[in-house]
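# Breakdown of the fold
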Amino acid sequence: MGCHGSHSAEAVAGINSKRNNEPRFSNCNGRITRLIQDDPIDYCTDAKTDKIIRRLSLPIDYETADGAQNSKKYRKWQIHGKWICGLSSGGSRNNIELFATNPQFEIVVGNHTVPYAVKDAVIVSLKQNNFRTNPAFIALFIYKNDTPGNCLLAEYLFCEPPLYTTSPFIKKEMISMKVSLEPGSYVIIPAMFQPHRDNDFSITILVLKDIPTSLHQLKVETESVIYFKI
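Notes on the structure in this doc start here. (Residues numbered from 1 in each chain as written. Predicted model: local features only at pLDDT ≥ 70, side-chain atom pairs only at ≥ 80, totals over all residues. Heavy atoms only, no water.)

## Some details on the side chain of Gln104
- Locating Gln104 in the fold gives a position in the loop between α4 (96–99) and β5 (105–109).
- For Gln104, a relative accessible area of 0% translates into the label buried.
- Of note is the side chain of Gln104, whose polar atom sits 3.1 Å from the backbone oxygen of Ala100.
- Excluding anything up to four places from it in sequence, Gln104 contacts Cys151, Leu152, Val187, Ile188, Ile189, Gln217, Leu218 and Val220. (Helix = DSSP H or I, 4+ residues; strand = E, 2+ residues; numbered from the N terminus. Buried < 20%, exposed > 50% of the residue type's maximum accessible area, 1.4 Å probe, protein only. Polar contact = N/O pair within 3.5 Å; in protein donor to acceptor, adjacent residues only side chain to side chain. Contact = heavy atoms within 4.5 Å.)

As structure tokens, then:
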């Protein structure tokens, strides 16, 4: 799967140095290398444009999970979290090092009793708890986790695209997506477009009842990231 977080930074840097117009690595204090991106990945959109984009191009159900929450087919988890400036408010993938400091939640679905993907088995919703007083552009990301129990580092996120995302970022109180996952470990990352900003959020996860599932928050490495709040 592309370049993995276990690859040495020097090896990946050597590969990228031979390519034009691609992110580069350079030395900096606080870590062996620093990821430098030439072009933005994420952007913001308004509600009207977002609805057109999703209808025309994205094969994911982005309806809210309100109806499904009342269904007896699903089990429900709800997580209350915070984006905290200087700790866990990493913003978008336009700065992948900061993005990696956003809260990360590992969901493990299936086992030997369910060794196959189940269509639309998981519904994930992200809600801004202070939308009326502190609205932000938000998005959700789901990544495959090749090292269960460990957070995803910037080097991995730099190389691996998400399996699912609600991006582009949109200023809505709640966003959601319905996804099909094969048995394994995955990481859910909620993000605001703008980093260095305090805000509260809730994540609701609905999983079909016959699928074994576990969920917990991962410890994210933030020691190498320096924030300045003016």
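## Details of the sheet that holds strand β6 (residues 118–128)
- Across the sheet, 4 strands lie side by side as β4-β12-β6-β10; this open sheet has antiparallel pairing. Taken across any chain shown, the strands that pair with only one partner, and hence form the sheet edges, are β4 (74–83) and β10 (174–181). On average, adjacent strands in this sheet sit at an angle of 20° to one another, irrespective of strand direction.
- Two elements, β6 and β10, share 7 bridges in a ladder whose sense is antiparallel. Paired with Leu126 across the strands is Ile175, a residue of β10. (Pairing = 2+ DSSP bridges. Axes fitted to C-alpha atoms, helices over the stretch in contact; angles between N-to-C directions.)

## Thoughts on the nonpolar core
- Ranked by internal contacts, the top residues of the largest apolar core, which has 33 residues, are Val122, Ile203 and Ile205.
- Sequence-distant contacts of Ile205, defined by excluding residues within four places in its chain, comprise Arg75, Lys76, Trp77, Ile79, Ile107, Val122, Ile123, Val124, Ile188 and Leu215.
- Among the nonpolar cores identified, the runner-up in size contains 17 residues, and Ala139, Leu152, Leu157 and Val187 belong to it. (Core = buried A, V, L, I, M, F, W, Y, C linked by side-chain atoms within 4.5 Å.)

## A few points about the packing of aromatic side chains
- Applying the stated rule across the entire model yields 5 aromatic pairs.
- Look at Phe105 and Phe201: their rings are 6.3 Å apart centre to centre, the planes differ by 80°, and that puts the pair in the edge-to-face class. Residue Phe105 is found in strand β5, and its partner Phe201 is found in strand β12 (residues 199–208); the two are separated by 96 residues along the sequence.
- Aromatic side chains Phe169 and Phe193 sit 5.4 Å apart centroid to centroid with 75° between the ring planes, which places their arrangement in the edge-to-face category. With Phe169 in strand β9 (residues 169–170) and Phe193 in the loop between β11 (184–192) and β12, this pair connects stretches of sequence that are 24 residues apart. (Phe/Tyr/Trp six-rings, centres within 6.5 Å; stacked < 30°, edge-to-face > 60°.)

## What to know about the pairing of β5
- Of all 5 residues in β5, 4 are buried, a share of seventy percent or more.
- Note that β5 and β11 share 5 bridges and pair antiparallel. Within the sheet, the bridge partner assigned to Val109 lies in β11 and is Gly184.
- Alignment of β5 against strand β13 (residues 213–217), held across 5 bridges, turns out to be antiparallel. Within β13, the residue paired with Phe105 across the bridge is Gln217.

## A look at the side chain of Ser185
- With respect to the secondary-structure elements, Ser185 resides in strand β11.
- A residue is classified by how much of its surface remains accessible, and Ser185, at 3% relative accessible area, is buried.
- A distance of 2.5 Å separates a polar atom in the side chain of Ser185 from a polar atom in the side chain of Glu106.
- Once you skip the residues sitting within four places of it in the chain, Ser185 turns out to touch Glu106, Ile107, Val108, Tyr143, Lys144, Asn145 and Pro148.

## Brief notes about the pattern of salt bridges
- Taken as a whole, this structure holds 2 salt bridges when the rule is applied.
- Here Arg93 and Asp42 are joined by a salt bridge, their closest N and O atoms 2.6 Å apart. Residue Arg93 is located in the loop between β4 and α4, and its partner Asp42 is located in the loop between β2 (31–36) and β3 (44–45); the two are separated by 51 residues in the primary sequence. The two residues Arg93 and Asp42 agree in class, both being buried.
- For the salt bridge of Lys82 with Asp200, the shortest nitrogen-to-oxygen distance reads 3.1 Å. Of this pair, Lys82 sits in strand β4 while Asp200 sits in strand β12, and the two are 118 residues apart along the sequence. (Salt bridge = Lys/Arg side-chain N within 4 Å of Asp/Glu carboxyl O.)

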